[in-house]
Number of protein chains: 2
Amino acid sequence: MTRSPSSGAPGRGPDPGRRSERSRRAILTATRELVFEVGYPGLTIEAIAARAGVGKQTIYRWWPSKGAVMFDALLHEARQEGPALPDTGDLAADMRTVLRAIVDEFDDPVLDRMTRALGNEINNDPRLGADMLERLLGPQLEVTAERLRAAQRAGQAASGIDLPAAVEMFYAPLFYRWMLRTGPLTHAYADTVTAMAVRAIAP
Amino acid sequence: MTRSPSSGAPGRGPDPGRRSERSRRAILTATRELVFEVGYPGLTIEAIAARAGVGKQTIYRWWPSKGAVMFDALLHEARQEGPALPDTGDLAADMRTVLRAIVDEFDDPVLDRMTRALGNEINNDPRLGADMLERLLGPQLEVTAERLRAAQRAGQAASGIDLPAAVEMFYAPLFYRWMLRTGPLTHAYADTVTAMAVRAIAP
């Protein structure tokens, strides 16, 4: 959906790749800041360009819409950590760590606003949803399934379980409570969900 | 947030209450049809008024925004059934019935579009979210908690569980898979989630 800056025309200027990368980062940072300051509905490509110190056409060359820019900004944020999962050999302890970290992310006002805005875009544009699933959410679900496979080998999870469904038993309640604001989204809740999900898939 | 039509000025015409109720239903039906036909972003108060055969000011008298009209249209739809929960004495069987019915609802293209549009409005307007929680989702969660209390008395659920969290173990996975399109939302998935959630809260 988006073209990488490094695929831009080569040989223009001394180091176009590095300059492009600097512009790209500036655009993503500006997007993140502006979503927080003015909200997604008020976000414009013009404002992103002005804040990032680039021309509007630079943004349109890499992204087809403001939804696509924001998705990459969110992806960039997520990439800081990468989708790795701890494996200490104790499934409950590891998933508790992961779920608490997700609660902390939802608690971050910038990430909260960006994720809600992305949710709206996805509701309006199933293609963006497919892209998000493939590039952001999918890899996270897959490393979690991999962690559950390790738990199966260690005798901490039943062998016959539906792995994608099992993964969702951990993550869905946090997402639901965040999205629908049905109750406090705390570390205590993360721990409760972890304990119940671990029981749900126990041998 | 919205004023009931029956609270309109009395004594205007032979039966203003009944006429108001007719207008209200026409407005909600028109909203439901239009959301399906043109999508929520394209929905306007003008189009609803034209389709319902009422003046725009009639709509604005009862609802402050198109989001509020759509929320009432969705509530009206949900009210057709009411938030009752079966209690045959078999928790797993009853929750399987409920979760399969939810899958069928998400599978209905009109409800799907309306619920996605409402989700967007809630993301943009936390007050609407609070209203939705109080009038639509809250009662459903409460009758489910009541069903789980009965299961506790029948020895089918542990006595010490966190009831709101337990309720979310049933509903959240369906919502997550619908919202994020992470996999097929089928009766088989409803059955898998039910089985895992029942295990999660077992004594």
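See the structure above.
Residues numbered from 1 in each chain as written. Chains lettered and ligands numbered in written order. Predicted model: local features only at pLDDT ≥ 70, side-chain atom pairs only at ≥ 80, totals over all residues. Heavy atoms only, no water.

Engineer: I keep staring at the interface of chain A and chain B and nothing clicks. Help me out?
Structural biologist: Often the size quoted for an interface is simply the accessible area lost on bringing the parts together. Counting from both sides, the interface comprises 38 residues of chain A and, opposite them, 38 residues of chain B. Interface area, chain A with chain B, both sides summed: about 3,600 Å², of which 62% is carbon and sulfur. Summed over the shared surface of chain A and chain B, the number is two salt bridges. Across the salt bridge formed by A:Arg177 and B:Glu168, the nearest N and O atoms sit 2.9 Å from each other. Counting across the interface, chain A meets chain B through eight residue pairs in polar contact (both at pLDDT 80 or more). Contributing elements (two or more residues each) for the side of chain A that touches chain B: α6 (109-124), α7 (126-153), α8 (163-180) and α9 (187-200) of chain A. Residue contributions to the side of chain A that touches chain B peak at 13 residues, all from α8(A). Among the residues forming the side of chain A that touches chain B, the class breakdown is 26 nonpolar, six polar and six charged. (Contact = heavy atoms within 4.5 Å. Buried area = accessible area lost by both parts, 1.4 Å probe. Salt bridge = Lys/Arg side-chain N within 4 Å of Asp/Glu carboxyl O. Polar contact = N/O pair within 3.5 Å; in protein donor to acceptor, adjacent residues only side chain to side chain. Helix = DSSP H or I, 4+ residues; strand = E, 2+ residues; numbered from the N terminus. Nonpolar A, V, L, I, M, F, W, Y, C, P; charged D, E, K, R; others polar.)

Engineer: Even after reading the chapter, I still don't get the pattern of salt bridges, so can you show me in this structure?
Structural biologist: Once their charged atoms are close, side chains differing in charge can pair, the charge on each being opposite to the other. As enumerated under the stated definition, the model contains 28 salt bridges over all chains in all. B:Arg25 is the partner of B:Glu21 in a salt bridge, and the nearest nitrogen-oxygen pair spans 3.1 Å. Here B:Glu21 and its partner B:Arg25 are both found in helix α1 (residues 16-38), four residues apart, which amounts to about one turn of the helix. Across the salt bridge formed by B:Asp94 and B:Arg147, the nearest N and O atoms sit 2.9 Å from each other. Within this pair, whereas B:Asp94 is found in helix α5 (residues 91-107), its partner B:Arg147 is found in helix α7 (residues 126-153), the two being separated by 53 residues in sequence. Through salt bridges with shared partners, a single network forms among A:Glu21, A:Arg24 and A:Arg25.

Engineer: For this particular structure, what's the right way to read the relation of the copies chain A and chain B?
Structural biologist: With an axial shift of 0.0 Å and an RMSD of 0.0 Å, the rotation relating chain A to chain B amounts to 180°. Each copy turns onto its partner about a two-fold axis. Relative to the rotation axis, the C-alpha of A:Ala200 is the closest in chain A, positioned 2.1 Å from it. Same-surface contact between copies: 100% of interface residues of chain A are shared with the interface of chain B. (Least-squares fit on C-alpha atoms with pLDDT ≥ 70 in both.)

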